[in-house]
Amino acid sequence: MRVRRWWRWTALALGLGIPVTARAAGYGLYEAGAAVMGMAGAGTASVDDPSALYYNAAALTRIVREDEADERGSWYLGGSVLTPFTSFAGVNPYPGFGVTEEMDANMFVIPALFYARPIGEQWAAGAGLYSPYGLGVDWKDPDTFTGRYIVTEAQLQTANLGFTAAYQVTPTVSLAAVGNILFSKVELQNRLLQPIPGGGGAQTDVASAELESDWEPGYGWGAAISVKPSDQWRAGATYRGKIITKPSGDADFEQILTGNPTFDAAVAASLPPDQGVSTVLRFPAIWAAGVAWTPANWTLETSVVFTEWSLFSDLPLEFEQTPSANRTIIEDYDDALAIRLGAEHRLASWSYRFGYYYEQEAAPAESVSPLLPDTRRHGIALGAGFEPWNGVTVDLYNLGIITEQRSTEGVNRDGYDGEYKTYVNAFGLNVGFRW
């Protein structure tokens, strides 16, 4: 009975973790603007559209005003579509050599909407809605998937509403303060397994578990600086503070009958009741700094992004009706660094962009699982920008993310060991206009 309860509550607990297939380290997303992503996200210093609310809010003081008399607002609307593919190859002792699994093909849409405008001669203000964390996993054939006791399908969704005020201290230096409201929501489906009576240790599905939280807000702040010492050089740095949310929702259990009346009756008696459950989700602080050189019609930028993933050290769980089952799952993530390189060449009627980035993994081998097969990643981006009409811009990009094969090194905390391989393609489009 103790073993059965351990699997049951572990499955439930892990399901309330961070169910994502990552595009940035851990469960982060960096796809907030098509022009910057065309340079592989290298835009902390050179961002030149209202997505600066995400990449460097202080730069808004030079972006929103075309001339001294211009007091119109600038819009930048669009988003990205991500199409991930993940495969898994098992090793002994479980699920064993020769076992392979893969996820269903899915598309995830990430909206990115920004508005900014000048205020007076030295101020600019703006607001944006974007998704800095999230996405999900959806493993094929949930009835037979060997990791179904951990997860079969899961999603973490976030929507960040950001507000900023930027001030031009001197013609060279601008500062900004940012307020963020991050809404988060978690969904999970998995299976509960128990040994078959007289089955020699073999296990069978006895119930499905479905968890769904409500949208829960969390609050944070940020700051930024933008420096333009000459016409050919720009520099910038940003800080986005951590946000912690405490979502609560419902945990529902549905028994799967096995055809053995005695066994089914015992399972029914041991299943937990449908009840409320709550947890704590941690979204880490992010530091970024960049330098851009803009000779003639080129912009070349190098950015570094440091994410404090060590904030995600554990995952506490609290159940409303069965507090004896409360537990804390250890995750022990590590901080991660990303290096981004990008270029833009401006021609007479359009611009083209390209870039590359490398990003460290955040999850230790013990925490690499079907919920989050985190690994090192390389991104290669191509992008373009057009101005079809005066005051209207169109930016698009395509980013291929190639991840390094990641092994659990035989130490996965759920006893589910093997190697994961993920490829992600991201396509994005934003339209900007002044109104």
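Scroll up to find the structure.
Position numbers for residues count from 1 along each chain, tracking the sequence in the order it is written. Restriction of local features to residues with pLDDT of at least 70 applies here, the model being predicted, together with a cutoff of 80 or more for giving and counting side-chain atom pairs; totals for whole chains, interfaces and linings are based on all residues. Computation of side-chain values covers all heavy atoms of the structure but excludes hydrogens and water.

1. Digging into the pattern of salt bridges
Step number 1: Salt bridges are counted wherever a side-chain nitrogen of Lys or Arg sits within 4 Å of a carboxyl oxygen of Asp or Glu. Tallying each qualifying case throughout the model produces 14 salt bridges.
Step number 2: Arg191 is paired through a salt bridge with Asp143; the nearest N and O atoms lie 2.7 Å apart. Here Asp143 lies in the loop between β5 (135-138) and β6 (153-168) and Arg191 lies in strand β7 (residues 173-195), a separation of 48 residues in the sequence.
Step number 3: Buried residues are those whose accessible area, probed at 1.4 Å on protein chains only, stays under 20% of the maximum for their type, while exposed residues exceed 50% and partly exposed ones sit between those limits. Given the relative accessible area of 14%, Arg191 is considered buried.
Step number 4: Given the relative accessible area of 52%, Asp143 is considered exposed.
Step number 5: Between Arg346 and Glu344 there is a salt bridge, and its shortest N-O distance comes to 2.8 Å.
Step number 6: Three or more residues joined by partner-sharing salt bridges are found here, namely Asp143, Arg148, Arg191 and Asp205. Numbered from the N terminus, helices here are DSSP runs of H or I no shorter than four residues, and strands are runs of E no shorter than two.

2. What to know about a nonpolar patch on the surface
Step number 1: Residues enter patches when they are more than 30% accessible in relative terms and free of salt bridges; like-charged ones are connected within 9 Å and nonpolar ones (Val, Leu, Ile, Met, Phe, Trp, Tyr) within 5 Å. Surface accessibility follows the Shrake-Rupley procedure with a 1.4 Å probe radius. Residue values consider only the protein chains on display as shielding. Nonpolar side chains collect at one region of the surface, where Trp287, Val304, Phe306, Leu337, Ile339, Leu341, Tyr356, Ile380, Ile402 and Tyr423 lie side by side and expose about 840 Å² of accessible area between them.
Step number 2: Broken down by secondary-structure element, the contributors of at least two residues to the nonpolar patch are β16 (298-307) and β19 (336-346).
Step number 3: Looking at which element gives the most residues to the nonpolar patch, the answer is β19, with three residues.
Step number 4: With respect to the helices and strands, the residue Leu337 is situated in strand β19.

3. Description of unusual backbone geometry
Step number 1: Residue Pro93 is bonded to the preceding Asn92 through a cis peptide linkage, with omega at 5 degrees.
Step number 2: Along the chain, Pro93 turns up in the loop between β1 (74-90) and β2 (100-102).
Step number 3: For the bond from Tyr94 to Pro95, the omega torsion is 5 degrees, close enough to zero to count as cis.
Step number 4: Along the chain, Pro95 turns up in the loop between β1 and β2.
Step number 5: One non-glycine residue, Asp332, lies in the positive phi region at around 55 degrees.
Step number 6: Tracing the chain through its elements places Asp332 in the loop between β18 (327-330) and β19.

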